[in-house]
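# Topology and contacts: notes
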Amino acid sequence: MTTILRNGPDLESLDKRYLFHPFTALADHERTGPQVIVKGEGVWLEDAHGQRYLDGMAGLWCVNVGYGRPEIAEAIHRQALTLPYFHSFSSWATDTPILLAEKLIEMAPVPMSKVFFGQSGSDANDTQIKIVWYYNNARGKPQKKKIIARRRGYHGVTLASASLTGMPSLHSGFDLPLDFVRHTTPPYRLWEAEPGQSDADFVAKLARDLEDLILAEGPDTVGAVIMEPVMGAGGVIVPPKGYYPAIRAVLDRHDVLLIADEVISGFGRLGTMFGATAMEMQPDLISVAKGITSAYVPLSGCMVSEKVWRTIVDGQATLGVFGHGYTYSAHPLAAAAALANLDIIEKDGLVEQAGRRGAFMHERLAEAFADHPLVGDIRGHGLVGAVEFVAAKEPATRFEPSLKIAGRIVKAALAEGLITRALPHADTISFSPPFVISEDEIALMVSRARTAVDRVADELV
Ligand code: PLP
């Protein structure tokens, strides 16, 4: 591994002086400073003081093939020497994005036609909104512009994608959400279902809530609905069986498109190549990012169905050039990294492995937490899991938010050498490790988490 040129304390003071951190309690940070990570190998990270951590979150749900893969590093190196960059505006092209687009269309969970590349999940979802708007302008439905997302859904932080995100903490201070966005009920059994309600009845209620919203707004004003197959940052919320077919039926009745936000679930996280397959979702548009390169370099994609594509192409006659694109759209270096990453996933059978290791993780989580007095729910699918903490189980009662239970557990876990994440707006901690995690490492991850939960439980008595 590389040599560290500056020692920890030096980096810490430079960070406090110069770096504006994303999603950070800035006043606290000015006092406490950063934790500087300097190395990674497999599922392990090392900080500037030599402290090792098991990364139970694969960074931010993204380093799916694990840290330190030479195949990706070499692909990036080769591409940087051959052709680091040329753009794709005005019909220009480079080779690796073409090959990657072909691969993605072949892999897609439902028939798709074209891929538009960007840099982040947020910009992918912004682009999807612009595609939906252009599409409806092209077919003479200029009113059909509202986008419906779900409360607790996470779709990014740009002005439009933060508006889609159904979390008040991403809106306050920023004058959001923008006025074309509406939010509907998430499929969150613990807090949204009636006690004892069957899955079928819960699904019917969720579909009814969505349809009522579309009818109240006016179907002629609603362009699309955006949904993560399994909601990630909002709480690792897995919908009940039959949910997406019921949602699709509502959308078909009202001529509304479905965008699958596969930014976390794409490329194996749920034990299938795409989350849409695991969750029986039939989208018209698909957003991908994170796992497409395992985050070695930034890249996102918007997959577009033939129906939408053809309408956009035909619309050019009246609307003019599709005036959207980034300097870094279809970046050849990012595409080279993605091709190497997807090659590893396929050659090493990592999608199937994520499914198997996921099943093992859910067994260990159930064993460790099912009887714990603080635990109200254990859930997940594939290699993503969550444990939610409650003040009382029957009926389920939330902790006072000021107790910050999940945040305290995450801190206690860090002291045990485990990185996990507290999810906003739920007393939930999440697990989303690299697919290369071994069974022993999963057992260690869960036992460290259990120790952390016990520590915080002791503080509460
Ligand atoms: N969509 C989903 C489902 C995500 O989980 C995220 C990020 O966590 C995003 C979109 C935004 O991606 P980015 O942070 O790359 O902009």
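The shown structure was predicted, so the numbers you read here are calculated from the model rather than taken from an experiment. (Residues numbered from 1 in each chain as written. Predicted model: local features only at pLDDT ≥ 70, side-chain atom pairs only at ≥ 80, totals over all residues.)

## Digging into the overall build of the protein chain
What counts, and what does not: The way it works is that DSSP assigns letters per residue, a run of H or I at least four long becomes a helix, a run of E at least two long becomes a strand, and they are numbered from the N terminus. In this description the radius of gyration comes from C-alpha coordinates, and the expected globular size is given by 2.2 Å times residues to the power 0.38. Each residue is classed by its C-beta neighbour count within 10 Å, where at least 20 other C-beta atoms makes it buried, 12 or fewer makes it exposed, and intermediate counts make it partly exposed; the C-beta atoms are placed from backbone geometry. We call two residues in contact when the distance between their C-beta atoms, placed using the backbone, is within 7 Å.
Helix and strand content of the protein chain: 16 helices and 15 strands. Radius of gyration (C-alpha) of the protein chain: 22 Å, near the 23 Å computed for a compact globule of 461 residues. A buried classification covers 47% of the 461 residues belonging to the protein chain. For the protein chain, the share of sequence-separated contacts (at least 6 apart) that also reach a separation of at least 24 residues comes to 73%.

## Thoughts on the site of the ligand
Our working rule: Defining nearness, a residue is near a molecule or strand when the C-beta atom obtained from its backbone falls within 6 Å of it. Three classes are used, and their members are as follows: Ala, Val, Leu, Ile, Met, Phe, Trp, Tyr, Cys and Pro are nonpolar, Asp, Glu, Lys and Arg are charged, and the others, Gly among them, are polar.
Near the ligand, the surroundings consist of 15 residues, among which Ser120, Gly121, Ser122, Gly156 and Val263 are the closest. When residues in the shell around the ligand are grouped by element, the largest group, 3 residues, is from helix α6 (residues 121-138). Residues belonging to the shell around the ligand are distributed by class as follows: 6 nonpolar, 7 polar and 2 charged.

## Let's talk about the nonpolar core
Test applied: The nonpolar core criterion groups buried Ala, Val, Leu, Ile, Met, Phe, Trp, Tyr and Cys residues into a set whenever they are joined through C-beta atoms within 7 Å.
Judged by nonpolar contacts, the single largest core of 127 residues is most densely connected at Ile147, Ala224, Leu285, Met303, Ala337 and Ile409. No other element matches helix α13 (residues 332-347), which puts 9 residues into this core. Look past the residues within four positions of Ile147 in its chain and what remains in contact with it is Ile129, Val132, Leu164, Phe180, Val181, Gly223, Ala224 and Ile226.

## Some remarks on helix α14 (residues 350-369)
The condition that has to hold: By definition here, a helix of n residues has an expected span of 1.5 Å times n minus one.
In this model α14 runs 27 Å from its N-terminal to its C-terminal C-alpha over 20 residues, within 8% of the 28 Å that 1.5 Å per residue would give. Within the span of α14, buried status applies to Leu350, Val351, Ala354, Gly355, Arg357, Gly358, Met361, His362, Arg364 and Leu365. Buried positions along α14 lie against α13, β11 (375-381), β12 (384-389), β15 (428-431) and α16 (439-460).

## Observations concerning α16
Every α-helix carries 3.6 residues per turn, so stepping three or four residues along brings you back to the same face. Basically, it comes down to this: It is the directions from the helix axis to the C-beta atoms whose arc is reported.
The terminal C-alpha atoms of α16 lie 32 Å apart, and with 22 residues this matches the ideal 32 Å at 1.5 Å per residue to within 8%. Of all the residues in α16, the buried ones are Ile442, Met445, Val446, Arg448, Ala449, Ala452, Val453 and Val456. Around the axis of α16, the buried residues are gathered within 160° of arc, so they sit on the same side. Away from the buried face of α16 by more than 90 degrees, exposed residues Glu439, Asp440 and Asp458 are located.

## So, the pairing of β12
Short version of the rule: A strand pair is defined by DSSP finding two or more bridges across the two strands.
In terms of burial, β12 is a largely internal element, 6 of the 6 residues being buried. In the sheet, β11 pairs with β12 via 6 bridges, with the strands oriented antiparallel. Looking across to β12, one finds that Asp377 is bridged to Glu388. The hairpin formed by β11 and β12 contains 2 residues between the paired strands, and Gly382 there has a positive phi angle of roughly 60°. Bridge count for β12 against β15 is 4 bridges, and the pairing is antiparallel. Each bridged residue has a counterpart across the sheet, and for Val387 the counterpart in β15 is Ile429.

## Some remarks on the packing of helix α4 (residues 70-82) against α13
Where we set the bar: Lines are fitted to the C-alpha atoms to define the axes, a helix being fitted only along its stretch in contact, and any angle between axes, read from their N-to-C directions, falls within 0 to 180 degrees. Any angle that is under 35 degrees is reported as roughly parallel, and any over 145 degrees as roughly antiparallel; angles of 65 to 115 degrees are reported as roughly perpendicular and all others as oblique. For a crossing to be left-handed, the near helix must be turned anticlockwise from the far one by less than a right angle; the clockwise case is right-handed.
At a closest axis distance of 8 Å, the pairing of α4 and α13 adopts a crossing angle of 150°. In terms of orientation, α4 and α13 fall into the roughly antiparallel class. At the point where α4 passes α13, the crossing takes the right-handed sense. On the side of α4, the interface is formed by Glu71, Ile72, Ala75, Ile76, Gln79 and Ala80, while α13 contributes Pro332, Leu333, Ala336, Ala337, Leu339, Ala340, Asn341 and Ile344. The class makeup of the residues in the contact of α4 with α13 is 11 nonpolar, 2 polar and 1 charged.

## Observations regarding the environment of His425
Looking at the element boundaries, His425 is found in the loop between β14 (421-423) and β15. Sequence spacing of His425 and Gly234 is 191 residues, and the spatial spacing of their C-alpha atoms is 7.2 Å. Ignoring anything within four residues of it in the chain, the contact list for His425 reads Arg152 and Met167.

## Here we look at the packing of helix α9 (residues 199-217) against helix α10 (residues 243-253)
At a minimum axis distance of 9 Å, the contact between α9 and α10 shows a crossing angle of 25°. Here α9 lies roughly parallel to α10, going by the angle between them. Classified by chirality, the crossing of α10 by α9 is right-handed. Residue-level contacts link Val203, Leu206, Ala207, Leu210 and Glu211 of α9 to Tyr243, Ala246, Ile247 and Val250 of α10. Of the residues in the contact of α9 with α10, the class split is 8 nonpolar, no polar and 1 charged.

Worth remembering: the numbers are spatial, not functional.
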